[in-house]
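A closer look at the structure
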Amino acid sequence: MAENDDEEQRIRSVALENARQILTARNSAEENVRRQSEWLQITLDSIGDAVISTDAEGCVTFMNRVAENLSGWTQNEAAGHLLDEVFQLIHELSRQPVENPALRAIRGTIILGRANQEILIGRDGVERPIEGSAAPIKRDEGEIIGCVLVFRDMSDRQRLEQQVQKQLAGARFLASIVESSDDAIVSKSLDGIIQSWNKGAQRLFGYTAEQAIGRHISLIIPVDRLDEENRIQSLLRVGEHIEHYETIRQRSDGQRVDVSLTVSPILDEDGVVVGASKIARDITDRKRSEAALRDSETQLSDFFDNATVGLHWVGPDGIILRANQTELDLLGYSREEYVGQPISKFHADQSVIGDILKRLTSGETIANVEAPLCCKDGSIRYVLISSNVLFRNGKFIHSRCFTRDITDRKFAEEGLKENEQRMRLATEATAVGIWEWNVFTGQVRWDAQMFRIYGVPAKPNGIVDYADWSSAVLPEDLPRQEEILQETIRRLGSSSREFRIRRVDNRECRYIQCFEAVRTNSDGVAEWVVGTNLDITERKQSEEALRRLAADLSDSDRRKDEFLATLAHELRNPLAPIRNGLQVLELTNNCGEEAEQTRKMMERQLAQMIRLVDDLMDVSRISTGKVELQKKSLHLSEVINSAVETSRSLLEQMRHELTITLPEFPIVVEADFTRLAQVFLNLLNNAAKYSEPGSQIRITVERQASEVVVLVQDTGVGIASDQLPRIFDMFSQVDRSLEKSQGGLGIGLSLVRRLVELHGGSVEAKSEGFGKGSEFVVRLPAIMDTPVPSSELKDDQQSNLITPLRVLIVDDNRDSVTTLSMLLNLLGHKIHTAYDGEQALSAAREFRPDVILLDIGLPKLNGYDVCRKIREQPYGDRVVIIAQTGWGQPESRQKTSEAGFDHHMVKPLDTNALQKLLSDLNH
């Protein structure tokens, strides 16, 4: 029994020990599991990648801290949530959702190296590029119980890659710059071995990169320049930078070239010099240009110092900067006494030098201005000064003045003045004009009689342009006259000649007899040509008249006898019915129908006699030049209607049918209404008298280019071909039978021709012979292309109401300004002028014009800016500004309109259009 109890006790002890051991082992296992779990948690939290695990349904079971940071979820918050909620992916480019990798892993697929284009959207909305992998979690028997997802934030690496790409792009860009540079860019090691060689180096030195890289830099250095390269190398070793060092290098063909070097040291990461870069620029052409410039400056200096005329430079302050020996010798000063002094100190007339400096400062070039200079010995020397200014970037640098001594000539001229005065008095008494021409300066001077001969307004100083003479000479005479003049100068002789001119004032052609002689200077060189002009028109006309008179004497005698007989006949014709009429009036006691008819008959006959006498008087007055036309603008149709109305009684008496054809638009002529109506009245009466009763007469008016043509046609007796050339001669008759029945002295057509010619026109007669009718063609200049109401042409008072305008003309073309000023002056306007933009602004401010004619291309300030600045002024909105420019395109007109111009006119200006525009501004 006791033994059994012991055994049971022993068994119980063993069981307890086993239980204790089992419990200890289990506690130890649990401790190991806990410890391993802690180590696993620490390990997963310590790695740089994010780790998320799920169960078989894809719900989150674990997240390490990195995963919490990237997703924005804590493990406690994410536990039990589907991975799609915690881990949301989109594609970087398409922005579309990407399938959750955990789902694929749970299906048994291991996913490695997820694409960098996947973006994780955190709980806070922050987007991060990620890269990672996913794998299933399996039991030993292979059952999938979840998955694990491992990923990392690629933001830093992505930024690094982008930075690297930028650096690579920058390096490629720098490389392209180096390769495309015109300069040679070379790098070398410290021992002189060439490391890089661009295309610029290949072009400059002739070696390719393959031929140069790896060779010593002495490849392109001449032997005599190696020591220089050693000095450069020494400077590089201590980090010196060398800029624009000019030296010589050698090409592959042995040719030496001038180069400018810029050399810089190449440093490693520690700042140690490991090599050098060189930029070489070819300056061979520049060196040649500099050498040529030095040679040019030497030649210029030699020219300046040794010129035979005086030369000096003056600064903007009026101080003499430089003078040559000729000028010093002229005035007797040493260089120290002259240079550095005010130029005004040496001028005897301060107004002259003041005007010269003012004109030079404004940019004007002056030529041959006469000035008296003070010499050191107190005497006065007269000189001609020509000068202009060197401007640089709009700044006055210095003037360049040429001084030519004319003292001897001046005294000689003054000595001649008394003789010239006596000669002028003598020539004025004989109507001889005197002129003189300076061959050197081109200056031409006329006396008063010359101005009268040529019909030009006299100038106080008598100075005229060569063109004042050459433009007056008829073009067909000018070449021969200039040839004679030049030949006379060449042989230093004299000549006599005749030529024709057209006077400026009335455009009358005149015959001139000229005599000229050459006057030489002390060197025997032609300096002056002095001559006389005498108007011999009357003499030439007399000679021509005598020749014609001698040639036509017999015909004139015959026509004179015929005229006297016709005159007697024509005067008797009205007298007979008048005499009979008086007896009828006496018998009827001046009462009754017979008396009334008799009075009308007597009035007609008396009118016929008056017309005959008037025609005779008109011919006489025209022949002696006593007829002065009272011209004004007229509608030609009104003139013709007046002539028809006057001739109507004759037309009705002869039962003629008259047809008048006028153009659609009225035609305007400059004419004397009465005299021009007389022309068409004579032609109508002529057609009526020389046509059988009941004939057709037509008047047709046509416009042909710048002329108006009036045709007067009839179906009458016609004109024989041998009489056509003389039909307009005085006292010419056609058919005697009709003449006797209708009356006429044969002077009507002569009167027609002379009146038409006084109007600047012509008349022509045409006929196919007797019995075939005749046609008279009158041609007159037309002055207007568009219809103008008669009331405007007849209203003389309207022109008298035009108010003169204040007109500012701005143009850098002085000839254009001068001629336009003359035109507007003649029209009665007050003119002011300016030649550049700044002058225009000043003139507008002081002159206060009504109208500004403003050029666009002006010095100092263009027309657009001038217009804008004027519009900004208080008076600017009241002035009418007209652009005058060579550009007429729509865009040019748009620009002037935007700048503030009121009107746009294209050069050369249409003076009629300008006159009309100014006239419109008055009303």
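Cut-offs applied
Residues numbered from 1 in each chain as written. Predicted model: local features only at pLDDT ≥ 70, side-chain atom pairs only at ≥ 80, totals over all residues. Heavy atoms only, no water. Helix = DSSP H or I, 4+ residues; strand = E, 2+ residues; numbered from the N terminus. Expected span 1.5 Å × (residues − 1). Buried < 20%, exposed > 50% of the residue type's maximum accessible area, 1.4 Å probe, protein only. Arc of directions from axis to C-beta. Contact = heavy atoms within 4.5 Å. Axes fitted to C-alpha atoms, helices over the stretch in contact; angles between N-to-C directions. Parallel < 35°, antiparallel > 145°, perpendicular 65-115°, else oblique. Left-handed = near helix turned anticlockwise from the far one by under 90°. Nonpolar A, V, L, I, M, F, W, Y, C, P; charged D, E, K, R; others polar. Core = buried A, V, L, I, M, F, W, Y, C linked by side-chain atoms within 4.5 Å. Phe/Tyr/Trp six-rings, centres within 6.5 Å; stacked < 30°, edge-to-face > 60°. Lys NZ or Arg CZ within 6 Å of the ring centre and 35° of its normal. Polar contact = N/O pair within 3.5 Å; in protein donor to acceptor, adjacent residues only side chain to side chain. Pairing = 2+ DSSP bridges. Salt bridge = Lys/Arg side-chain N within 4 Å of Asp/Glu carboxyl O.

1. Points about helix α17 (residues 478-490)
With 13 residues, α17 ought to run about 18 Å at 1.5 Å a step, and its terminal C-alpha atoms sit 18 Å apart, in line with that. When we look at burial in α17, the residues that qualify are L478, Q481, I484, L485, T488 and I489. The buried residues of α17 occupy an angular sector of 135° when the element is viewed end-on, so they sit on one face. On the buried face of α17, the contacting elements are β17 (432-438), α16 (466-470), β20 (494-502), β21 (509-520) and β22 (526-535).

2. Points about the packing of helix α22 (residues 673-689) against helix α24 (residues 748-758)
Relative to each other, α22 and α24 sit at 150°, their axes nearing to 9 Å. Between α22 and α24, the interaxial angle falls into the category roughly antiparallel. In this structure, α22 crosses over α24, and the sense of that crossing is left-handed. For the pair α22 and α24, contact is made by R675, Q678, V679, N682, L683 and N686 and by G748, L749, L751, V752, L755 and V756, respectively. Taken together, the residues of the contact of α22 with α24 break down into seven nonpolar, four polar and one charged.

3. A few points about the nonpolar core
Core analysis: the biggest nonpolar cluster contains 41 residues, and L636, I640, L676, F680, L683, V710 and V778 have the highest contact counts within it. For this core, the secondary structure elements donating two or more residues are α21 (636-653), β25 (668-671), α22, β26 (696-704), β27 (707-714), α24, β28 (762-766) and β29 (774-784). Ignoring any residue separated from it by four or fewer positions in sequence, one finds L636 in contact with I667, V669, L676, F680, V701, V708 and V710.

4. Comments concerning the packing of aromatic side chains
Taken as a whole and assessed by the stated rule, the structure comprises 11 aromatic pairs. When the centroid spacing of 5.9 Å and the interplanar angle of 45° are considered together, the rings of W197 and F205 count as tilted. Since its relative accessible area comes to 6%, W197 is described here as buried. Summarising the aromatic geometry, the rings of Y338 and F346 are spaced 4.6 Å apart at their centres and angled 50° between planes, so their arrangement reads as tilted. By the burial criterion, Y338 is buried, and F346 matches it. An aromatic cluster is present here, built from W437, Y466, W469 and F499 joined pairwise through their rings. Taking the ring centre of W313 as reference, the NZ or CZ of R322 above it sits at 5.1 Å.

5. Looking at helix α28 (residues 837-847)
Listed as buried for α28 are G837, A840, L841, A843, A844 and F847. Projected down its long axis, α28 shows its buried positions confined to an angular sector of 170°, all on one face. Residues of α28 that are buried make contact with β30 (806-810), β31 (830-834), β32 (851-855) and α29 (863-871). A distance of 3.1 Å separates the backbone nitrogen of E838 from a side-chain oxygen at the start of α28, and that oxygen is part of D836.

6. Here we look at the sheet that holds strand β9 (residues 242-250)
Read from one edge to the other, the open sheet built from five strands follows the order β8-β7-β11-β10-β9, with strand pairing classed as antiparallel. Strand pairing shows two members of the sheet lacking a second neighbour, β8 (194-197) and β9, which therefore form its edges. This sheet shows a mean twist of 30° between the axes of neighbouring strands, independent of strand direction. Note that strand β7 (residues 184-189) and strand β11 (residues 273-282) share six bridges and pair antiparallel. When the sheet's bridge partners are listed, S189 is paired in β11 with G275.

7. Focus on the pattern of salt bridges
Within this structure, the stated rule accounts for 41 salt bridges. Between E77 and R123 there is a salt bridge, with the nearest N and O atoms lying 2.8 Å from each other. With E77 in helix α3 (residues 75-78) and R123 in the loop between β4 (118-121) and β5 (127-138), this residue pair connects regions lying 46 residues apart in the sequence. Given the relative accessible area of 35%, E77 is considered partly exposed. One connected set of salt bridges, linked through shared partners, spans K188, R225, E228, E229, R249 and K278.

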